[in-house]
Amino acid sequence: MPVSRDSNKPKKPRRDGQSGTFGIGNSGIRRSDFLSNDDYARAVHEAGGPGPNERFVADGLGEHTRLLQAIHGVNRDDRQELFQAELAREIGDRPHVFVKKWKGRLRGGYLKASTLPETVLETRHNADGAARQVLIMPKSDQASRLIDEAEFAELYSACEFAHEFGLPLDTMITVTWSLLGCRSDDEVKKGFQALLKCIGDWLGQRGWPCAYIYCHENSAMLGLHSHIALHVPGGTVAGRSSLGLKQLSAMEHPRRQFKAYLKKWVERRFGGVVKGAVRTTGGLVEQPWLAFLRLGYMTKGFERGVLVQSAKYAPDGRDVFLGDLIPFRWRDPGPVSVKRCGVSQSLGPTQRRTGVPGGLERFYADPVKLRGDLKLAGVSAVDLGTACSDLESWMKADRRPAKPKRFQSAYERGSRDVRELYPQDFVDRLNLYR
């Protein structure tokens, strides 16, 4: 039975490591509040077990203590060892799903409380007692806008479609709208459409297709923000491109030029810009596996409990849920009042039925007899026969299917196995990630 204590008296966590002295864990349960070790073990077990950072010790011979030891180990180190062993077994037993999740990381430190509207700076403590300051926004009473299965299928299909034609969506743009002065939904929509037009103009002027996927989120720290994963021509050698693009210096590289162009455009469009309002990430070298990591990050706010494959058809006889096919841990995307996610027209359903991403049709057209399914109105035989551009050289480098045909992604064909849905090097990276 718990011992009655003065609730007004402050209680400090104990760290002497001796039997019978324990700190406060995530469950908020103290060992010192109980008369026996077994009573403490029973309370921890009924609370769902110790928290991941809880400094617990299951010491004693009672029934509940032995149960706690069998499930969670004797102490935190023992529990972590048991967890790693169980995780390794799960990975071995279920190689067709993402048992292990990419941890990701929360970026911080580049924003100040004064830059975000209606924010407060709150001090929190880590498990080791270290203090850190975080930005907190008031919670909304609206429900979070989660990505459903149909939206995931569309984003995935667009990403695989681009990957099939050597257009990896490995460049990411993150926009925090409140830092650009956009408060209302209309302002965000106008700003977002202007940004997409800016991207399309830059790529179109260079003859490259405008291929991207996007999602909007509303986090407690950043408020409403957008992620855009797009293709910007890169290369296979650091700082240069060995396919199609000329040997360029670092500053002449298209990805550096794009980043500089986007920065200047944002300054012209929105005036003074707070640091961190628009961030462009991605190296000079094309990394196709990174495109699927971008996809996973953008779909981490998925609907939990959505069954995508019943146990009857699963390799291990266990139900497969939507979250099992997403490489990131679930994270609340917050209430989003604008369109949650989408893909560019060049990667959309209509274009996938055609079999060629928008902007690449001319490389499949016969100058003498144009294929009816491509409908290349306005493209002359002279243009098709004499075009000599970086893109054409790139297209001749065996980075595309030989003939266009109706495209169906692996997910649309019914696959629910991550080894078929994602490139093997991406799956290997995830399993080896620590």
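The sections below set out a description of the structure shown in this document. Everything numeric in this text was worked out from a predicted model, so none of it was measured.

## Remarks on the overall build of the protein chain
Thought 1: When helices and strands are counted, the protein chain shows twelve helices and nine strands.
Thought 2: Taking all 434 residues of the protein chain together, 44% fall into the buried category.
Thought 3: Excluding contacts between residues fewer than 6 apart, the proportion of contacts in the protein chain whose partners are at least 24 apart in sequence is 68%.

## Some points on the packing of aromatic side chains
The relative placement of two aromatic rings is captured by the distance of their centres and the angle of their planes.
Thought 1: With the rule as written, the count across this model stands at 18 aromatic pairs.
Thought 2: Note on Tyr422 and Phe426: the rings are 5.4 Å apart at their centroids and 35° apart in plane angle, and the pair reads as tilted.
Thought 3: When its relative accessible area of 4% is taken as the criterion, Tyr422 is described as buried.
Thought 4: These aromatic residues form a ring-pair network of at least three members: Phe98, Phe152, Tyr156, Phe292, Tyr411, Tyr422 and Phe426.
Thought 5: Lying over the aromatic face of Phe270, Arg269 brings its terminal NZ or CZ to 4.9 Å of the ring centre.
Thought 6: Across from the ring centre of Tyr297, 3.5 Å away, lies the NZ or CZ of Lys300, which sits over that ring.

## Topic: the state of the cysteines
Thought 1: Summed over the entire model, instances satisfying the criterion amount to zero disulfides.
Thought 2: With no disulfide of its own, Cys210 lies closest to Cys198 among cysteine sulfurs, the gap being 9.9 Å.
Thought 3: Unpaired in this structure, Cys215 has its nearest cysteine sulfur neighbour in Cys341, at a distance of 7.2 Å.
Thought 4: We classify Cys215 as buried; its relative accessible area is 0%.

## Here's the deal with helix α5 (residues 185–205)
Thought 1: Here α5 contains 21 residues, and its C-alpha end-to-end distance of 30 Å stays within 8% of the 30 Å for a straight helix at 1.5 Å per residue.
Thought 2: Residues Val188, Gly191, Phe192, Ala194, Leu195, Leu196, Cys198, Ile199, Trp202 and Leu203 constitute the buried set of α5.
Thought 3: On its buried side, α5 packs onto β3 (171–176), β4 (212–219), β5 (223–230) and α6 (254–270).

## Thoughts on the pattern of salt bridges
Thought 1: In total, this model carries eleven salt bridges according to the counting rule given.
Thought 2: Between Arg255 and Asp170 there is a salt bridge; the shortest N-O distance is 3.0 Å. Of this pair, Arg255 sits in helix α6 while Asp170 sits in the loop between α4 (149–164) and β3, and the two are 85 residues apart along the sequence.
Thought 3: Taken together, the salt bridges that share partners define one network made up of Glu154, Arg352 and Glu412.

## So, the pairing of β5
Thought 1: Summarising burial for β5: eight of the eight residues are buried, a large majority.
Thought 2: One ladder, built from six bridges, connects β3 with β5; its direction is antiparallel. Residue pairing for β5: Thr176 is matched across the bridge by His225.
Thought 3: Pairing analysis gives eight bridges linking β4 to β5, with the strands arranged antiparallel. When the bridges of β5 are listed, Tyr212 appears paired with Leu230.
Thought 4: Between β4 and β5, which pair antiparallel and follow one another directly, the connecting turn spans three residues.

## Quick notes on the sheet that holds β5
Thought 1: Taken in spatial order, the five strands line up as β6-β3-β5-β4-β9 in an open sheet, and their pairing is antiparallel. Of all strands in the sheet, those with a lone pairing partner are β6 (278–281) and β9 (341–343), marking the two edges. Adjacent strand axes in the sheet meet at a mean angle of 15°, parallel and antiparallel pairs treated alike.
Thought 2: Lying over the sheet, α5 contacts β3, β4 and β5, oriented at roughly 20° with respect to β5.
Thought 3: On the sheet, helix α7 (residues 288–298) packs against β3, β4, β5 and β6 and is oriented at approximately 35° with respect to β4.

## Quick look at the nonpolar core
Thought 1: One finds Phe152, Tyr156, Leu169, Ile213, Tyr411 and Tyr422 to be the most contacted residues of the largest nonpolar core, which totals 52 residues.
Thought 2: It is α4 that contributes the most residues to this core, eight residues altogether.
Thought 3: What Leu169 contacts, discounting residues up to four positions off in sequence, is Cys159, Ala162, Ala211, Tyr212, Ile213, Ala229, Leu230, His231, Ala291, Arg294 and Leu347.
Thought 4: In this structure, Val175, Leu180, Phe258 and Ala277 belong to the second largest nonpolar core, which totals 30 residues.

## What to know about the packing of α5 against α6
Thought 1: It is the contact of α5 with α6, at a shortest axis distance of 11 Å, that shows an interaxial angle of 145°. Seen along the crossing, α5 lies across α6 with a hand that is right-handed. Residues Lys190, Gly191, Ala194, Leu195, Cys198, Ile199 and Trp202 of α5 touch α6, and the partners they reach there are Pro254, Gln257, Phe258, Tyr261, Leu262, Trp265, Arg269 and Phe270.
Thought 2: Across the contact of α5 with α6, the residue classes break down as eleven nonpolar, two polar and two charged.

## Regarding the environment of Cys215
Thought 1: Here Cys215 is to be found in strand β4.
Thought 2: Distance from Cys215 to Val336, taken between C-alpha atoms, is 10.0 Å for residues 121 residues apart in sequence.
Thought 3: Apart from the residues within four sequence positions on either side, Cys215 is in contact with His225, Ser226, His227, Met298, Arg340 and Cys341.

## What about α4?
Thought 1: For α4, built from 16 residues, the straight-helix expectation of 22 Å at 1.5 Å per residue is met to within 8% by its first-to-last C-alpha distance of 22 Å.
Thought 2: Among all positions in α4, only Glu151, Phe152, Ala153, Leu155, Tyr156, Ser157, Ala158, Cys159, Glu160, Phe161 and Ala162 are buried.
Thought 3: Tucked into the core, α4 has its buried residues touching β4, α7, β9, α8 (349–354) and α11 (418–421).
Thought 4: Here α4 starts with a cap whose side-chain oxygen sits 3.2 Å from the backbone nitrogen of Ala150, and that cap is Asp148.

Scoring rules and cut-offs
- Residues numbered from 1 in each chain as written.
- Predicted model: local features only at pLDDT ≥ 70, side-chain atom pairs only at ≥ 80, totals over all residues.
- Heavy atoms only, no water.
- Helix = DSSP H or I, 4+ residues; strand = E, 2+ residues; numbered from the N terminus.
- Buried < 20%, exposed > 50% of the residue type's maximum accessible area, 1.4 Å probe, protein only.
- Contact = heavy atoms within 4.5 Å.
- Phe/Tyr/Trp six-rings, centres within 6.5 Å; stacked < 30°, edge-to-face > 60°.
- Lys NZ or Arg CZ within 6 Å of the ring centre and 35° of its normal.
- Disulfide = S-S within 2.5 Å.
- Expected span 1.5 Å × (residues − 1).
- Salt bridge = Lys/Arg side-chain N within 4 Å of Asp/Glu carboxyl O.
- Pairing = 2+ DSSP bridges.
- Axes fitted to C-alpha atoms, helices over the stretch in contact; angles between N-to-C directions.
- Core = buried A, V, L, I, M, F, W, Y, C linked by side-chain atoms within 4.5 Å.
- Left-handed = near helix turned anticlockwise from the far one by under 90°.
- Nonpolar A, V, L, I, M, F, W, Y, C, P; charged D, E, K, R; others polar.
- Polar contact = N/O pair within 3.5 Å; in protein donor to acceptor, adjacent residues only side chain to side chain.

That is the geometry; function is a separate question.
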